[in-house]
Structures are given as C-alpha cells and as structure tokens.
Amino acid sequence: MSKNAPIAFIDSGVGGLPYLQWVKDKLPLENFYYLADSKNFPYGEKSQSEIVDLVLNAVKQLNSKGNPKLLVIACNTASVTALDSVRRILNIPVVGVVPAVKSAAELSENKRIGVLATKRTVQGAYLQDLIKDFAPTCHVEKVSGSGIVRFVENDYLKSDNLRINLIIEDAVLQFREAGVDTVVLGCTHFIYITDQLKKQMGEKIRIVDSRNGVGRQIIHILKENDLFSDNKTDDCFYCTAESSAESYRLFAKMFGLEYCGVIA
Ligand code: DGL
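All of the points below concern the structure found in this document. Small disclaimer: the values here were computed from a predicted structure and weren't measured. Chains are numbered independently. Their residues run from 1 in the order of the written sequence. Local features are withheld for residues below a pLDDT of 70 in this predicted model, meaning they are given only at 70 or higher, and side-chain atom pairs are given and counted only at 80 or more; totals for whole chains, interfaces and linings count all residues. To obtain the side-chain values, all non-hydrogen atoms of the structure were used and water was disregarded.

Our next topic: the side chain of Thr188. Here a helix means four or more residues in a row that DSSP labels H or I, a strand means two or more in a row labelled E, and each is numbered from the N terminus. Turning to its location among the elements, Thr188 is positioned in the loop between β7 (182–185) and α9 (194–201). Working rule for contacts: check all heavy atoms of both residues, and any pair within 4.5 Å makes them a contact. What Thr188 contacts, discounting residues up to four positions off in sequence, is Asp11, Gly15, Gly16, Tyr19, Ala74, Cys75, Asn76 and Val97.

In this section: the sheet that holds strand β5 (residues 112–117). When DSSP finds two or more bridges between two strands, those strands count as paired. Pairing is parallel in the open sheet, where four strands are placed in the order β6-β5-β7-β8. Two strands close off the open sheet at either side, each with one partner strand: β6 (139–144) and β8 (206–208). Averaged over all pairs of adjacent strands, the angle between strand axes in this sheet comes to 20°, irrespective of strand direction. Inspection of the sheet shows β5 paired to β6 by six bridges, in the parallel sense. Bridging from a neighbouring strand, Arg112 pairs with His139 of β6. Axes here mean lines fitted to C-alpha atoms, for a helix over just the part in contact, with angles spanning 0 to 180 degrees between N-to-C directions.

Paired rings are identified among Phe, Tyr and Trp, the last through its six-membered ring, by centres lying within 6.5 Å, and are further divided according to the angle between planes into stacked (under 30 degrees), edge-to-face (over 60) and tilted (the rest). Here the structure, examined in full by the defined rule, presents eight aromatic pairs. Taking the centre distance of 6.1 Å and the plane angle of 55° together, the rings of Phe9 and Phe32 count as tilted. Of this pair, Phe9 sits in strand β1 (residues 7–11) while Phe32 sits in strand β2 (residues 32–36); the two residues are 23 residues apart in sequence, bridging distant segments of the chain. With respect to burial, Phe9 and Phe32 carry one shared label: buried. A 1.4 Å probe rolled over the protein chains alone gives each residue an accessible area, and that area as a share of the maximum for its type sets the label: buried under 20%, exposed over 50%, partly exposed in between.

Encoded structure:
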C-alpha cells in the first residue's frame, strides 16, 4: 500500500469535515478525500440494513477515485450501524466515530450526562452497550436531534446565532430538565453548533465529541504501519448529488479542500 495514498473520510454530508480538519492540522503532509453521501442524506432516519448498504456503496464509489490507505467513517450513525460490515469487506484499516460516552462518564461530576445524536443512534443497541460498558452508574439523557442535523447540512452557513439558538432550544431544555453536567455530541454534524450549545447550556457544562480519540487512533495506525505520507497533493471534496453544490463549495473551502463535484 502506498504511504502517499489518501486518507478517505465519509459521512452523509458535512459532519465529518471537522474530524478531517483535526488530522490535517496534526499531519499536514497527509492527502485526503472526503465523500458527502448527499443523495442519501440523512442517514439517521434510515433503517439499519439501508445504512449498511449505503455505506458499502459509498465506500465502493470512493475506491473508484483511487484506493485510500485508511478509511474514516466520520459519522456516528454509519459507524454504530455498519462498522463491522465495512471492516469485513475492506482490507485497509477502518476507523469509526462513535459517541464519546466513556469520556463523558469520566468527566461528569454529578453522573448525569446527555447524548445528542440521530434517531438511529439513539434507538440503536450500540449506544446502549456503550452506556452499559462505560457509564453504568450514570443517568444518560438521550436526545434525538434530527432537526439540528438537517439545519446544519442545509442552513447553517446562512444562519445567525439567533436562528441556531432556536433550532437547539428543545434539546437544551431537555438536557437542563435532566440536570446533566456533560453533553456528548453523538453526531458529527453537531460539532458546528458547539459554541451555541455551550452558551445556552451554561459555561459550566462540558461538551464532548470524539475528535481527539479518533484523531489519535488514526495517527497510531499510520505510525504502526509506517504509512505517514511525505508528498502532499490536493485534497478533494466529493458528493453524491449536486443539489447542495453552492453550500458544499463553501464548506470545502472552509476546510481547505477542493470541491470536486459529484463522484462518478
Ligand atoms: N453525521 C451523521 C452522524 O454522525 C449523521 C447525519 C445523518 O443523519 O445523516 O451521525
């Protein structure tokens, strides 16, 4: 496997970009390509078997652009549903993104934590198992934020703080009523609303996501396999439907990627 091959990131939309950014900041010589499966957005409203098929198909499409050396499923919904299936069929390392329940349970002082995720993640067995394994003594308030996912994907770039506060209002209320002191962002799209969530919840509330853990795992795998790149080329952003081209162009630019259009 070539060490200068790209690291591939996939998500249903723009959620995985902050994860890519974390790695890019730490490893500036790495090459990346990113696939937003916009045609099938949102994953969080689909059934388990649909998501497995979609993720396998997205991986196939990405491979047609050149084989990556590592795949990051930068989507909690896809990871908790399809990680095992993807790992079984690919012969490259696959890193998933799952809700940071363990970190939250360690950080929480009152042992009351909130998890904000998609409907599929909230209802799935994977999250239940994470809670059982890593937060057995915590009260966990699970909130499904499907409206926030759609908002980030479609309207975030043209919205002000007021609008964002309105969109997150219900989730904030539920977490406040449950008395949580730590909130897990269990969907990659929610990284974009971290600041507003923190402001609305109060500065004392901790908001956690999985970027550090995922990023460190990627670095570890590259190191173990002697796969650090030494030749930087362009990074590409692909999508599977042109419908949001304008906003995707802007998102790609924000994260230093070239917008390369619909993947063939
Ligand atoms: N970004 C995805 C996640 O982390 C979900 C978005 C969707 O519902 O498609 O779960």
